[in-house]
Protein chains: 2
Amino acid sequence: MATTREAILEAALRGFGKKGYDATGIREIAAGAGSNVASISYHFGGKEGLRAACAEHIVKLMGTVLASGRSEEPPLATPEAAEATLAALVRSLVRFLLLDPDGALVAGFMMREMAQPSTALDTIYEGLFEGAHARVCAIWSAVTGQPADAEAVRLAVFATIGQILYFHIARPVVNRRMEWPAIGEAEAAAITDTILRNLHARLAADRDQAS
Amino acid sequence: MATTREAILEAALRGFGKKGYDATGIREIAAGAGSNVASISYHFGGKEGLRAACAEHIVKLMGTVLASGRSEEPPLATPEAAEATLAALVRSLVRFLLLDPDGALVAGFMMREMAQPSTALDTIYEGLFEGAHARVCAIWSAVTGQPADAEAVRLAVFATIGQILYFHIARPVVNRRMEWPAIGEAEAAAITDTILRNLHARLAADRDQAS
DNA sequence: GTCTATAAACAGATAGAC
DNA sequence: GTCTATCTGTTTATAGAC
């Protein structure tokens with residue numbers, strides 16, 4: 001059962017994620033939720049409150065997504081096992097962002113918040129980015145032997161995440177240049193392959209340097 | 001000497017690049033250009049025409065930027081020379097996007113067009129992206145020996161560009177996680193270092209595979 | 001070409017009936 | 001809780017004086 005509040009929240013994320021906060025009117029959101037304009041002020045105290053609620057919704061949603069992906073306690077005992085865990089993370093993040101419709105909406109919301117930060121970005125940073133980035137740094141450390149909090153490690157993790165997110169952001173340009181009608185399973189696999197080649201090559205170089 | 005038309009164009013790019021098309025009013029643009037609302041309709045036929053003119057302006061601007069960077073005919077005779085050319089491109093693109101105020105505006109405009117494509121994206125794709133991407137693919141090919149139009153090469157070039165652009169897009173998140181007050185020369189150098197490490201590691205792997 | 005004044009449509013917020 | 005009608009301010013576009 002979907003309450004009116006939940007329906008509004010989903011319609012808002014759909015609008016904000018696809019067209020952006022400013023370009024999405026509260027009438028449009030209310031209509032998409034099968035409700036009316038006044039219900040937004042009633043449930044969220046206004047459009048800004050709706051943006052804040054979207055951020056909290058994303059933190060909870062991604063928390064469960066990431067938790068499910070981490071259900072089978074990832075083995076970090078050996079560098080090889082840690083590298084496999086890292087590769088699995090890349091695979092699932094590419095799939096989520098490029099193949100799951102919810103992934104595109106969540107990413108759209110986050111990207112626009114980064115371009116024009118509001119308090120919603122603070123919510124997402126503290127509730128999601130900070131912990132997730134630190135966790136990936138720890139796995140990276142288990143592969144290369146570098147300290148998890150080293151500047152080079154933190155930047156390398158950002159660079160890897162950046163490759164994945166860029167294929168989402170630049171989708172219209174990528175599709176055109178690759179002559180792809182759309183990104184499906186086969187295209188996502190090709191993208192994953194390129195990112196994993198970069199990842200493995202870099203990890204090998206970092207490991208060599210550490211020895 | 002700056003004509004009114006040019007002043008409006010620059011004020012528009014400033015607004016569109018920083019806050020986005022929808023969030024930037026034509027009054028605000030006119031005021032920033034020291035003019036009035038009616039002058040926008042007079043010179044550009046309306047707000048949409050101004051967006052299209054911004055796209056053409058960006059194509060011309062980036063054309064001269066890229067041409068100046070390519071003034072000393074890049075040597076591609078040997079794989080090593082081609083790799084150095086590729087590294088130089090990464091260096092100058094990082095500097096432009098992270099240190100040059102114009103770079104942030106141009107990138108902001110392009111990123112928002114990708115998230116919400118209009119005909120302005122077509123203008124930028126055909127006038128800039130397509131040719132630039134193909135040129136980088138050719139250099140990549142000179143390094144690794146792979147065909148310049150191979151799917152793997154085109155994707156690898158996108159992944160490299162993605163790393164650079166992501167450090168611009170995610171700047172607020174990166175700064176917070178890296179505990180950087182802002183991105184200056186030192187921070188840009190650290191970012192360049194990470195991206196070049198990824199690039200060289202991947203190129204080496206591709207070259208080994210080709211042999 | 002430049003500007004002021006205004007038109008017409010839109011936004012978000014809210015009062016009040018149910 | 002839900003909805004309609006309305007208030008208030010802002011948007012883009014434009015008419016018309018200079």
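Residues numbered from 1 in each chain as written. Chains lettered and ligands numbered in written order. Predicted model: local features only at pLDDT ≥ 70, side-chain atom pairs only at ≥ 80, totals over all residues. Heavy atoms only, no water.

> Could you give me a rundown of the overall build of chain A, with the residues and numbers involved?
If you tally the helices and strands in chain A, you get 10 helices and zero strands. Listing the helices and strands of chain A from first to last along the sequence gives α-α-α-α-α-α-α-α-α-α. Taken along its principal axes, the extent of the C-alpha atoms in chain A is 65 × 40 × 30 Å. Per-residue burial for chain A yields a buried fraction of 47% across its 211 residues. The contacts in chain A between residues at least 6 apart in sequence include a share of 66% that link residues at least 24 apart. About 9,400 Å² of surface is accessible on chain A, with carbon and sulfur atoms providing 56% of the total. (Helix = DSSP H or I, 4+ residues; strand = E, 2+ residues; numbered from the N terminus. Buried < 20%, exposed > 50% of the residue type's maximum accessible area, 1.4 Å probe, protein only. Contact = heavy atoms within 4.5 Å. Areas by Shrake-Rupley, 256 points an atom, 1.4 Å probe, with all protein chains shown as cover.)

> So, the protein's contact with DNA strand D: which residues are in play, and what are the values?
In the neighbourhood of DNA strand D, 16 residues make up the surrounding shell, with A:Thr4, A:Asn36, A:His43, B:Arg27 and B:Lys47 lying closest. Taking A:Ser35, its side chain carries an N or O atom lying 3.4 Å from a phosphate oxygen of DNA strand D. Between DNA strand D and B:Ile26, the relevant distance is 3.0 Å, taken from a phosphate oxygen to a main-chain nitrogen or oxygen of the residue. If you tally residues by element for the surface near DNA strand D, the top one is helix 3 (residues 37-44) of chain A, at four residues. (Near = heavy atom within 4 Å. Polar contact = N/O pair within 3.5 Å; in protein donor to acceptor, adjacent residues only side chain to side chain.)

> Run through the protein's contact with DNA strand C, naming residues and quoting values.
The environment of DNA strand C is formed by 15 residues, the closest being A:Ile26, A:Arg27, A:Lys47, B:Thr4 and B:His43. Here DNA strand C approaches the protein such that, of its atoms within 4 Å, sugar and phosphate make up 46%. A:Lys47 places a polar side-chain atom, nitrogen or oxygen, 2.7 Å from a phosphate oxygen of DNA strand C. With respect to DNA strand C, the side chain of B:Asn36 contributes an N or O atom lying 2.8 Å from a phosphate oxygen.

> I'd like a rundown of the packing of helix 4 (residues 47-69) of chain B against helix 6 (residues 101-115) of chain B, residues and numbers included.
Residues and elements named next belong to chain B. Running from amino to carboxyl end, helix 4 crosses helix 6 at an angle of 125°, the nearest separation of the two axes being 11 Å. If you check the angle between helix 4 and helix 6, you find them oblique. Seen from above, helix 4 lies across helix 6 with left-handed handedness. Contacts between helix 4 and helix 6 involve Arg51, Cys54, Ala55, Ile58, Leu61 and Met62 from the former and Val106, Phe109 and Glu113 from the latter. Tallied by class, the residues present in the contact of helix 4 with helix 6 amount to seven nonpolar, no polar and two charged. (Axes fitted to C-alpha atoms, helices over the stretch in contact; angles between N-to-C directions. Parallel < 35°, antiparallel > 145°, perpendicular 65-115°, else oblique. Left-handed = near helix turned anticlockwise from the far one by under 90°. Nonpolar A, V, L, I, M, F, W, Y, C, P; charged D, E, K, R; others polar.)

> Give me the side chain of B:His168: which residues, what numbers.
Here B:His168 is to be found in helix 8 (residues 151-169). Assessed through its relative accessible area of 12%, B:His168 is described here as buried.

> Account for the interface of chain B and chain A, naming residues and giving values.
Taken together, the contact pairs 50 residues of chain B with 50 residues of chain A. With both chains or domains summed, chain B and chain A bury close to 4,700 Å², and 62% of this area falls on carbon and sulfur atoms. The largest per-residue losses of area from chain B upon contact with chain A belong to B:Phe158, B:Tyr166 and B:Arg177, which jointly make up 16% of the total buried on that side. Joining chain B to chain A, the criterion identifies six salt bridges. The shortest N-O distance in the salt bridge between B:Glu126 and A:Arg176 comes to 2.6 Å. Seen at the junction of chain B and chain A, the total is 18 residue pairs in polar contact (both at pLDDT 80 or more). Secondary-structure elements contributing two or more residues to the side of chain B that touches chain A are helix 1 (4-19), helix 6, helix 7 (119-144), helix 8, helix 9 (171-178) and helix 10 (185-210) of chain B. The biggest single contributor to the side of chain B that touches chain A is helix 8 of chain B, with 14 residues. Split into classes, the residues belonging to the side of chain B that touches chain A amount to 30 nonpolar, seven polar and 13 charged. (Buried area = accessible area lost by both parts, 1.4 Å probe. Salt bridge = Lys/Arg side-chain N within 4 Å of Asp/Glu carboxyl O.)

> Talk me through helix 5 (residues 79-99) of chain A; I want residue IDs and the actual numbers.
Residue and element names in this part refer to chain A. An ideal rise of 1.5 Å per residue puts 30 Å on 21 residues; helix 5 measures up with 30 Å between its terminal C-alpha atoms. Burial in helix 5 covers these residues: Ala82, Glu83, Thr85, Leu86, Ala87, Val90, Val94, Phe96, Leu97 and Leu98. Buried-residue contacts for helix 5 involve helix 4 (47-69), helix 6 (101-115), helix 7 (119-144), helix 8 (151-169), helix 9 (171-178) and helix 10 (185-210). (Expected span 1.5 Å × (residues − 1).)

> Help me get a handle on the packing of aromatic side chains, residues and values and all.
Residue and element names in this part refer to chain A. Summed over the entire model, instances satisfying the criterion amount to six aromatic pairs over all chains. Judged by centre distance (6.5 Å) and plane angle (35°), the ring pair of Phe16 and Phe109 falls under tilted. You can see Phe16 sitting in helix 1 (residues 4-19) and its partner Phe109 sitting in helix 6, a full 93 residues away along the chain. Per residue, the accessibility class of Phe16 equals that of Phe109, and both read buried. (Phe/Tyr/Trp six-rings, centres within 6.5 Å; stacked < 30°, edge-to-face > 60°.)

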